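# Remarks on the overall topology
For reference, the chains in residue letters:
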Amino acid sequence: MASGHTVKAFDEDLGQLRALISEMGGRAEAAITGALEALVNRDLESAVRIVEGDRRIDELEAEVERQVVRLIALRAPMADDLREVLAALKIAGVVERMGDYAKNIAKRIALLQEARGMEAMAVLPAMGKIAAEMVRNVLDAFVLRDAEAAMAVAARDRAVDDFYNSLFRTLLTYMMENPHNITASTHLLFIAKNIERIGDHATNVAEMVYFAATGHQMAERAKGEDPLSGDI
């Protein structure tokens, strides 16, 4: 009976941990989508709300950390269970960073009054849509311990990279053709880079989910060449 009670308590703790991660992921996905909508619509009020809402994602990350420490101290999980608990801790940190990227996008909206009519403005929402879907799908894979779904998310990162590389070339051309485009193009390039990094982080989470579910590392993925290496 004691053993059964312990197992049930551990499962409940894991359920709470998954719920916290799911809420973080849902808020990060909403922030990404909302930031791109605010960009297209020049909605400064929504942009401010997204920046302010990032605080809740930070609070959830801190709660995940507390739950993980408590769970390890009280339940001493082993093998598969320990992999999942540690994956949750790492994933929370990555999702928090995704929220930061969405916040960074929202902060730039007020600076983009000169970007109307630029081709990149029409492409960014499509790029952001893929990244946001990757976030949602990879967190679903974590909750379900679905290794195949995690692999599918990782495979989509190439599409985000292709968008970014195309945008980079387009914006560079704008800047070379007309110096008046430099400021707006630079802001759009930073936004595109933030979306590209969200895709990378979603792929990193997919790799963690795959390892937690299988005990094996996901095969290394091919990645397109980044014309602007480094983290922005």
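Above this text you will find the structure in question.
Now for a look at the structure at hand. Since we're looking at a predicted model, the values are computed, not measured.

Parameters at a glance
- Residues numbered from 1 in each chain as written.
- Predicted model: local features only at pLDDT ≥ 70, side-chain atom pairs only at ≥ 80, totals over all residues.
- Heavy atoms only, no water.
- Axes fitted to C-alpha atoms, helices over the stretch in contact; angles between N-to-C directions.
- Helix = DSSP H or I, 4+ residues; strand = E, 2+ residues; numbered from the N terminus.
- Parallel < 35°, antiparallel > 145°, perpendicular 65-115°, else oblique.
- Buried < 20%, exposed > 50% of the residue type's maximum accessible area, 1.4 Å probe, protein only.
- Polar contact = N/O pair within 3.5 Å; in protein donor to acceptor, adjacent residues only side chain to side chain.
- Patch = residues over 30% accessible without salt bridge, like charges linked within 9 Å, V, L, I, M, F, W, Y side chains within 5 Å.
- Areas by Shrake-Rupley, 256 points an atom, 1.4 Å probe, with all protein chains shown as cover.
- Salt bridge = Lys/Arg side-chain N within 4 Å of Asp/Glu carboxyl O.
- Core = buried A, V, L, I, M, F, W, Y, C linked by side-chain atoms within 4.5 Å.
- Contact = heavy atoms within 4.5 Å.
- Left-handed = near helix turned anticlockwise from the far one by under 90°.
- Nonpolar A, V, L, I, M, F, W, Y, C, P; charged D, E, K, R; others polar.

Moving on to the packing of helix α3 (residues 79-108) against helix α6 (residues 182-214). With their axes 9 Å apart at the nearest point, α3 and α6 run at an angle of 170 degrees to one another. It follows that α3 is roughly antiparallel to α6 by the angle criterion.

Further remarks concern unusual backbone geometry. With a phi angle near 55 degrees, R42 is a residue other than glycine that sits in the positive phi range. Mapped onto the elements, R42 comes out in the loop between α1 (2-41) and α2 (44-75). We note that A76 has phi near 45 degrees; this positive angle belongs to a residue other than glycine. Relative to the elements of secondary structure, A76 occurs in the loop between α2 and α3.

Another aspect to go through is the side chain of E133. Along the chain, the position of E133 falls in helix α4 (residues 119-144). Given the relative accessible area of 17%, E133 is considered buried. A distance of 2.9 Å separates a polar atom in the side chain of E133 from a polar atom in the side chain of R156.

On the surface, a nonpolar cluster with roughly 200 Å² of combined accessible area is contributed by I72, L86 and L89. With respect to the helices and strands, the residue L89 is situated in helix α3.

A few words now on the nonpolar core. The biggest cluster of nonpolar side chains holds 71 residues, and the ones touching the most others in it are I21, L39, V64, I91, L124, M127 and I195. Listing elements by their share of this core, those giving two or more residues are α1, α2, α3, α4, α5 (147-177) and α6. The dominant element in this core, judged by the number of residues it contributes, is α6, at 14 residues. Every residue in contact with I195, bar those within four places of it in the chain, is listed here: L36, I105, L124, M127, G128, A131 and V160.

What follows covers the packing of α5 against α6. One way to put it is that α5 packs onto α6 with a least axis distance of 9 Å and a crossing angle of 165 degrees. In terms of orientation, α5 and α6 fall into the roughly antiparallel class. In this structure, α5 meets α6 at a crossing whose hand is left-handed. Here the contact of α5 with α6 is composed, by residue class, of 22 nonpolar, five polar and five charged.

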